Amino acid sequence: MPDISSEAREILAMLKERHNVLLSGPPGTGKSRLLGEVARAFLASQQAGPIHVPGAPVAIPKAPPVVATQVMLPSAERTDRKIFRTVFHQNSKHREFITGLVPVVGAGAQGAPTFRVVTGTLYTASEHAKTSQGASLLIIDEINRGPAVQVFGGSIVAIESDKRLAPNGQPTTNTQVFELMSPANGDLVEYSLPHHLYILAAMNQADTSVEPLDVAFLRRWMPYHLEPNESVLRNYFGLPATAKGVLPAAPASAQDVFEAATRAWVAINERIRIGRGAEMQIGHGVLMGGAQVAQDLPGALRDVVDSWKMLKAHVDEVFFGDTRSTAATLNIGIIEGHPLTLVDTTFGDEARLELVGSGLPGVDSIYALLRAIAG
Amino acid sequence: MPDMAAGIKRIVFKEIVEGDLRKFEAQSNDADTGGGARDLRFRPFEEFQTIFSALFPNTRIETRRRGGAAANVEVLVGAFHWLDEAQLRQSREAIFEPPTDPRPGEGRIPMVHKYPPFNRLPPTNEGRMVLLLIQRDDDTVWPEFATENSLRSGDWAVSVSEPILRSLEAQRNTHSVARGYIDYVTGREYSDA
């Protein structure tokens, strides 16, 4: 198994014990990265690619540096390991997840329409995990963007860890059965989920176009929450571990620009947390867009201008229609010399507030804006 | 720093000799031609330009003297990454330049003494020394060193140590050093031998 992050190790351990893990967190906190990392680790026994361990005496070791990780690998003894992926959306259907009927146009006698049974992602992953050496990791992204309770249907109780089949495939006294349509003949048959099937789902609680998940559904999952993490950003940009001193009036280096951007991001998140709730914050990924960190001042300014567009769009969405809260989040009116101002105006006979100077800043003005937001 | 471990896309390797070590220490080079001091050179240029285009994905026009006059040349631009003593990630721009007049056929990374990882040399009593420029899954490039003894110890990933040892063991003239690359994405390997 390749060496992996502590977060991925925790999730693997949770999958091994509880079978179903629900990953949540604001956008940009690394959910997608973590899903991919857990998937790669799950397939570890099939991976032959070398792993770079920076600063180690052997930079590309033969054996995984953390052998103990193997202990955390679900169904480690199984060699035929597969990843199954799906993304829920508003039109996700039970038949696309378990089994069900779909029409087949023109396939019947004399071109008449007929039906056939299709197998969905959960069923396919389950059948693989029932083979002699099979182990399946089913990854469901955006689980709350679709009607999850309907999609799972009768399988929702059967996914629970203690209601699966035993590791040898035999039912136990606790094994839960549910009915599904047999792919062989379309009959309703009783079905149980295997021990060697693991489900890792991810969701973003802050999205506006999501379906609510009820408590009965949620309690069948082991929760794992990701938070915006300043230290990840500081490590990424090569900044000191904590903010020190006052930001200079003008940037002298790329480091100054990234320090201002990091402080502004921290300040914005803190204000969002107070104004709208922690789940509406934005993750560190919003500032980590480029493949490489710019080393020169112009490059750093260009990078943060791009990041600012996404950061500002998030603030606008969170406080949509609430100009005063947007202004408070951007620290407008608190310190002198802020590039943006909040002014009273009118629309017809009605009083309105307007942010003046809120056009997208360029490389010449972004630093002053970030510095003002950081406060 | 186990959480920093990552998969690898490509490795460029080059045997490091006495003259290179002096470049890392900013003590010029052995040649009396005047050019190329503190440059790390890769021959043949065309072969290494291909792999460096993947390591350093951006380009920039720089002014250099060619044929006695100022000329615009296109250089490949990327960055080297490393962990400092506090285990914090650091990086600095790095470039790969086309050949100079005195050394046609050689691409080069200039000013190698500017990068701290080039000064973290392995012990000199462990056989020949090899520089590795490792491009990770996230496309960042990290300089590391290996020694011949270490590569033969069995501690290194076989998919890394075998191609490099094959290159070290190949017959070549006394003025040539082992060099090449391994591209794990395309499966292509190149060695001068």
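Above: the structure in question.
Definitions and cut-offs
Residues numbered from 1 in each chain as written. Chains lettered and ligands numbered in written order. Predicted model: local features only at pLDDT ≥ 70, side-chain atom pairs only at ≥ 80, totals over all residues. Helix = DSSP H or I, 4+ residues; strand = E, 2+ residues; numbered from the N terminus. Buried ≥ 20, exposed ≤ 12 C-beta atoms within 10 Å, placed from the backbone. Contact = placed C-beta atoms within 7 Å. Nonpolar A, V, L, I, M, F, W, Y, C, P; charged D, E, K, R; others polar. Pairing = 2+ DSSP bridges. Axes fitted to C-alpha atoms, helices over the stretch in contact; angles between N-to-C directions. Parallel < 35°, antiparallel > 145°, perpendicular 65-115°, else oblique. Left-handed = near helix turned anticlockwise from the far one by under 90°.

**Concerning the overall build of chain B**
Summing up its helical and strand segments, chain B has four helices and ten strands in all. In sequence order, chain B lays out its α and β elements as β-α-β-α-β-β-β-β-β-β-α-α-β-β. Taking all 193 residues of chain B together, the buried fraction comes to 36%. A sequence separation of at least 24 residues applies to 54% of the contacts in chain B between residues at least 6 apart.

**Quick notes on the interface of chain A and chain B**
Taken together, the contact pairs 27 residues of chain A with 35 residues of chain B. Counting only elements with at least two residues in the side of chain A that touches chain B, the list comes to strand E2 (51–52) and helix H8 (230–237) of chain A. Tallied by class, residues from the side of chain A that touches chain B come to 15 nonpolar, nine polar and three charged.

**Observations concerning the environment of Ser182 of chain A**
By the element assignment, Ser182 of chain A lies in the loop between strand E7 (178–181) and strand E8 (188–191). Residues Ser182 of chain A and Val118 of chain A lie 64 residues apart in sequence; the distance between their C-alpha atoms is 9.3 Å.

**With respect to the environment of Arg271 of chain A**
All names here are of chain A. By the element assignment, Arg271 lies in helix H9 (residues 254–275). For Arg271, a count of 22 C-beta atoms within 10 Å puts it in the buried group. A C-alpha to C-alpha distance of 5.4 Å links Arg271 and Thr329, two positions 58 residues apart in sequence. What Arg271 contacts, discounting residues up to four positions off in sequence, is Ala328 and Thr329.

**Things to note about the sheet that holds strand E9 (residues 197–203) of chain A**
Strand-to-strand pairing in sheets goes through backbone hydrogen bonds, with the strands running parallel or antiparallel. Residue and element names in this part refer to chain A. The five strands are arranged E3-E6-E9-E1-E10 in an open sheet whose pairing can be described as parallel. Of all the strands in the sheet, the pair left with one neighbour each is strand E3 (80–87) and strand E10 (222–225). Averaged over all neighbouring strand pairs, the angle between strand axes comes to 20°, with direction disregarded. When E3 meets strand E6 (residues 134–141), the two strands line up parallel, connected through eight bridges. Paired with Arg81 across the strands is Ala135, a residue of E6. Taken strand by strand, helix H2 (residues 31–42) contacts strand E1 (20–24), E3, E6 and E9, and its axis lies near 175° from that of E6.

**Focus on the packing of helix H10 (residues 297–318) of chain A against helix H12 (residues 366–374) of chain A**
Working note: a packed helix pair is described by the angle between its axes plus the distance between those axes. All names here are of chain A. Relative to each other, H10 and H12 sit at 60°, their axes nearing to 10 Å. Judged on the interaxial angle alone, H12 and H10 are oblique. Crossing of H10 against H12: the hand is left-handed. Residues Leu301, Val304, Val305 and Trp308 of H10 form the contact with H12, whose participating residues are Ile366, Tyr367 and Leu370. Considered class by class, the residues forming the contact of H10 with H12 number seven nonpolar, no polar and no charged.

Read these as layout, nothing more, since geometry by itself doesn't imply function.
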